[in-house]
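This is what each chain is made of:
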Amino acid sequence: MAAVTETRHPHPVRLRGAASGRTGAPALLPDIEAEDFVAVLGQAIKRSPWPRFGWPATPPLPTLAQQGAPRALFQPIHRRFNLLLLDTHCDIFGSPRLDPRRIESAGFVVRRWIGPDAGKTMPGAEQLASPAHWQAWQESDGEPLGWAPLRDQRGFDADPDPARRPLPRTGNAVVDAQLAARQSSSPGEVINRLYPLAPDVNDHARRTLLYGLVPAGEAQRKAATTAVDYSGARAPGEARDNFVAHLSPYLRSAGITRTLPNPNSLFDSSWIDGDGDVMLDAATDVGNGGNDLQRAQFTAFIRQLALEFEIDSARAEPLRRLLDEVPLHRRRSPVPPPRQPLFERIDTSSFIVACARLFGDETAPAVRLPELFGPLPSGWTQRFVDAALDLLSLRSVEARTLESRFDDDGALYAIRAFVRVKQGDGCPPLLVWSEMTPLYRIAPWFASTGAPQARIALPPFDKESLRAMKPNVAFDLPPSLQNLLMNNDPADLLAGKGKKGSEFGIGWLCSFSIPIITICAFILLNIVLSLLNIFLRWLPFVKICLPIPTKKP
């Protein structure tokens, strides 16, 4: 890859990191655990002895490795900051520093790797230089557009700002005007600024050193097309198999006629609330389990259709038509004469919709249970999956979320920096690109860094101290919430037996002390940790307590 574009400048210019004998080494990515990272960087550079030519043998700060598996960069929430560090110089003998006054502007772009699997080994320079292996985060008029592939070398090396790109010329004024208008509306890459270090730092290094803050968290977000991409589940493969496996056995077990639990009894809110019964995930198959398990499995089946597939909605009509293909029989009452069918078929979708309404409307009538469900027709489950994916795709558009550049924890990224160098004779600035940095990933927000912990002091837990904590925040309670709290016993609320608060009455303004709220939250946290520790055995890892010796008053 050519790192320099030569035009009418007296000599070529390069932008590189610690070269170690190379003509175009990638920029360095130092990792700094301090909020005044610019000062820390400058001090580290001034402490290092810089040779007359090139860089010190050992970088002034620990940096991203250029070999091995890509490393994770931490986010600002971790109080860790990653910087880009490089220098720009004239590409002649001795590599003299470029006069900072000749830098018209400087910046860098972050690109996402879509090349061969690089989770364990860093790609070679040739692979890193291939445009086909990268995506660019694009924007138009300040609005993010998302990741888009770089189709060719021209796009790979183009100025990230479309307004700065050379205008095409055909010799036809009308065509040239149309091409210029098209280019001005073209999307560009999001640019992050590069800054020169303080003059005394650069004078010590005898380099024109530039730095930038590597973005690891993103404030700029775009609306995703859908919340979930279901395209992978539409074709045969692991994604589709996993989707089928998550369905209730009532929807995926072909050739089986199931006897419903408690035939001729009423399906009502007691089935939904559990009343101490077993609670199951929809996909769980209890086989020939007892009556309680059969009840829980049937309830989970109706819950999945009601909540996941909105079986009572207008857009679930294709699913209801498919359900009507599944036989559902009820024993006749009174018993019919001999040689007459003992069972009569009922409308499957109507029965299921009536059951599903109980999940959203406590006043919905109870439903009498038939006796036999199934068997599923041949190929029925696959047709149900296709119809369900259509419905979920519609729901996914409505539930679409905001996405940023770094939402994918498994994605790999690299940086390419640039400078625009002023030229004489009214010529446009010369665009000079660096090489791509080594690949890296972004650590998730919950990753542990080993950094010192934030310390929060809680007040003493005694009457005198608590009385001194005057309310400093007020909550405006609507009548329904106030009535809910006033007219229910706390034990009933915890047991799920509370009654809805009336919407009539007056509202209240209730003041509390934030420190006391914090104490209550801390006590509840410890109770929950202890309860979950019964089966997780995690207290030694999630709660570390050290005794603090105190003097007697």
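Okay, so let's go over this structure.

Attention shifts here to the environment of G410. Within the fold, G410 resides in the loop between strand 19 (402-403) and strand 20 (413-421). On the accessibility criterion, G410 (53% relative accessible area) is exposed. Here the alpha-carbon distance between G410 and G119, two residues 291 residues apart in the chain, equals 8.9 Å.

A few words now on the packing of aromatic side chains. The way to describe two aromatic rings as a pair is by their centre distance and the angle between their planes. One pass over the full model with this rule turns up 23 aromatic pairs. Relative to Y413, the ring of W147 lies with its centre 6.0 Å away and its plane at 35°, an arrangement referred to as tilted. Taken together, the positions of W147 in strand 7 (residues 143-149) and Y413 in strand 20 put the pair 266 residues apart, joining distant regions of the chain. Each of the two residues, W147 as well as Y413, counts as buried. Ring centres 5.1 Å apart and planes at 25° place the aromatic pair W380 and F384 in the stacked group.

Contact geometry of helix 9 (residues 291-308) with helix 12 (residues 380-398) gives a least axis separation of 11 Å together with a crossing angle of 40°. Here helix 9 is positioned oblique relative to helix 12, judged by the angle of their axes. Here L305, L307 and E308 of helix 9 lie close against helix 12, whose contacting residues are F384, L391, L392 and R395. Classifying every residue of the contact of helix 9 with helix 12 by side-chain character gives five nonpolar, no polar and two charged.

Right, let's get into the side chain of D87. Counting through the fold element by element, D87 comes out in strand 4 (residues 81-90). A polar side-chain atom of D87 sits 2.7 Å from a polar atom in the side chain of W55. When near neighbours in sequence (up to four residues on either side) are disregarded, D87 contacts R14, L15, R16, G17, W55, R207, T208 and L209.

This part covers the sheet that holds strand 15 (residues 328-331). Pairing is antiparallel in the open sheet, where four strands are placed in the order 13-18-15-16. Of all strands in the sheet, those bounded by a partner on one side alone are strand 13 (258-259) and strand 16 (343-345). Judged from the three bridges that link them, strand 15 and strand 16 form a sheet pairing that is antiparallel. Looking at the pairing, R331 lines up with F343 of strand 16.

Under the criterion given, the structure shown has 23 salt bridges. Among the salt bridges present, the one from R164 reaches E104, with a minimum N-O distance of 2.9 Å. With R164 in the loop between helix 3 (153-157) and helix 4 (173-184) and E104 in strand 5 (residues 103-113), the pair connects residues that are 60 residues apart, well separated along the chain. According to the relative accessible area criterion, R164 is partly exposed, its value standing at 33%. Between E317 and R321 there is a salt bridge, with the nearest N and O atoms lying 3.9 Å from each other. Placement of both E317 and R321 in helix 10 (residues 317-323) is noted, with a separation of four residues, approximately one turn of the helix. Judged by relative accessible area, E317 falls into the partly exposed class, the value being 32%. On the accessibility criterion, R321 (49% relative accessible area) is partly exposed. Through salt bridges with shared partners, one network takes in E310, R315, R395 and E398.

What counts as what
- Residues numbered from 1 in each chain as written.
- Predicted model: local features only at pLDDT ≥ 70, side-chain atom pairs only at ≥ 80, totals over all residues.
- Heavy atoms only, no water.
- Helix = DSSP H or I, 4+ residues; strand = E, 2+ residues; numbered from the N terminus.
- Buried < 20%, exposed > 50% of the residue type's maximum accessible area, 1.4 Å probe, protein only.
- Phe/Tyr/Trp six-rings, centres within 6.5 Å; stacked < 30°, edge-to-face > 60°.
- Axes fitted to C-alpha atoms, helices over the stretch in contact; angles between N-to-C directions.
- Parallel < 35°, antiparallel > 145°, perpendicular 65-115°, else oblique.
- Contact = heavy atoms within 4.5 Å.
- Nonpolar A, V, L, I, M, F, W, Y, C, P; charged D, E, K, R; others polar.
- Polar contact = N/O pair within 3.5 Å; in protein donor to acceptor, adjacent residues only side chain to side chain.
- Pairing = 2+ DSSP bridges.
- Salt bridge = Lys/Arg side-chain N within 4 Å of Asp/Glu carboxyl O.

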